[in-house]
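Results of the structural survey
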Amino acid sequence: AMGFALPNLLPKQYTHYAAAMLFLYFGVILLRDAKDAGDGVSDELAEVEEELINKKDEGEGDGGDAESGNAVNKSQSQGPEAIATGILTQAFTLTFLAEWGDRSQIATIALAAAKNPYGVTLGGVIGHALCTGIAVVGGRMLAARISEKTVATVGGITFLIFAFYSFFVEEA
């Protein structure tokens, strides 16, 4: 919704340069993060994996101390069903908010207006499920093979290329 409303409220030139500045900002931030990151698995990821292994070996805890990394949140103490529900809720909310008002939703609305809405609904659900499934599996496979530093470096360079293009090549 912001992508539609903001350009209509502000002159195109302002939104163009604001986008270019955001590309530049995100590129610099990602390259700074890449410089600070190690070559292997991030410390945070290694810590979480170790904590999960320890929790699995120990069974459920009684709470613990958050500062020492021994805290158990309510979903952990409630069992696998609560954890699955939490993950499902997070994934649903993230996907719903990210997809709300984007081009694929607009195209689906137009298609449903012209074709059978039940067929469009079924096709949209299957298509989105496949696309999301590929993203999940691909992301997991890439995370096992590519370091966080590499991802941040490539992302930072890509954002800087977008910024350069927006400032010097594309007309406002």
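For every chain, the first residue of its written sequence is number 1, and the numbers climb from 1 along that sequence. Whole-chain, interface and lining totals are the exception, using all residues; otherwise, since this is a predicted model, local features are given only for residues with pLDDT of at least 70 and side-chain atom pairs are given and counted only at 80 or more. Here the side-chain values reflect all heavy atoms present in the structure, with hydrogen atoms and water set aside.

What to know about helix α2 (residues 12-36)
For α2, built from 25 residues, the straight-helix expectation of 36 Å at 1.5 Å per residue is met to within 8% by its first-to-last C-alpha distance of 36 Å. Exposure is judged per residue with a 1.4 Å probe applied to protein chains only, and the accessible area is read against the type maximum: over 50% gives exposed, under 20% gives buried, and values in between give partly exposed. Per the convention used, a helix needs a DSSP run of H or I reaching at least four residues, while a strand needs a run of E reaching at least two, with both numbered from the N terminus. Among all positions of α2, only T15, H16, A20, G27 and A34 are buried. Expected helix span is computed as 1.5 Å times (number of residues minus one).

A few points about helix α8 (residues 148-169)
Note on helix geometry: an α-helix contains 3.6 residues per turn, so any two residues three or four positions apart are oriented the same way. Relative to the 32 Å expected for 22 residues at 1.5 Å per residue, α8 spans 31 Å between its end C-alpha atoms, a close match to the ideal helical length. On the buried face of α8, the contacting elements are α2. Contacts are assigned to residue pairs that have any heavy atoms within 4.5 Å of one another.

Thoughts on the confidence of the model for the protein
What pLDDT conveys is the predictor's confidence in a given residue, as a value from 0 to 100. Confidence along the protein averages 78 in pLDDT terms, with 76% of residues attaining 70 or more. Highest mean pLDDT in the protein belongs to α8 (91); lowest belongs to helix α4 (residues 74-78) (52).

Details of the pattern of salt bridges
Any Lys or Arg side-chain nitrogen found within 4 Å of a carboxyl oxygen on Asp or Glu counts as a salt bridge. According to the stated counting rule, one finds one salt bridge in the structure shown. Of the charged contacts in the structure, one is a salt bridge between D33 and R32, with a shortest N-O distance of 4.0 Å. Note on D33: relative accessible area 36%, which makes it partly exposed.

Comments concerning a nonpolar patch on the surface
For patches, a residue must show more than 30% relative accessible area and have no salt bridge; joins then use 9 Å for like charges and 5 Å for nonpolar side chains, namely Val, Leu, Ile, Met, Phe, Trp and Tyr. Here, Shrake-Rupley sampling with a 1.4 Å probe gives the accessible areas, and only protein chains in the shown set may cover a residue. Where nonpolar side chains cluster on the molecular surface, the patch consists of F92, F96, L97 and W100 and spans about 490 Å² of accessible area. As for its placement among the helices and strands, F92 is situated in helix α5 (residues 80-99).

A closer look at the layout of surface pockets
Buried and open spaces are told apart on a 1 Å grid over the protein atoms alone, a cavity being a set of points where a 1.4 Å probe fits but cannot get out and a pocket being an open set with protein on both sides within 12 Å along at least five of seven lines. Residues with an atom within 4 Å of a point are the lining residues. Grid points are joined across faces, edges and corners, and a volume is the space filled by probe spheres set on the points. In this structure, the largest pocket occupies an estimated 570 Å³ of space. In terms of lining, the largest pocket is formed by 21 residues, of which the most central are E99, T108, G124, V125 and H128. Broken down by secondary-structure element, the contributors of at least two residues to the lining of the largest pocket are α5, α6 (103-114) and α7 (117-145). Residue contributions to the lining of the largest pocket peak at 10 residues, all from α7. Considering only residue class, the lining of the largest pocket consists of nine nonpolar, 10 polar and two charged. Residues were grouped as follows: Ala, Val, Leu, Ile, Met, Phe, Trp, Tyr, Cys and Pro as nonpolar; Asp, Glu, Lys and Arg as charged; and all remaining residues, including Gly, as polar.

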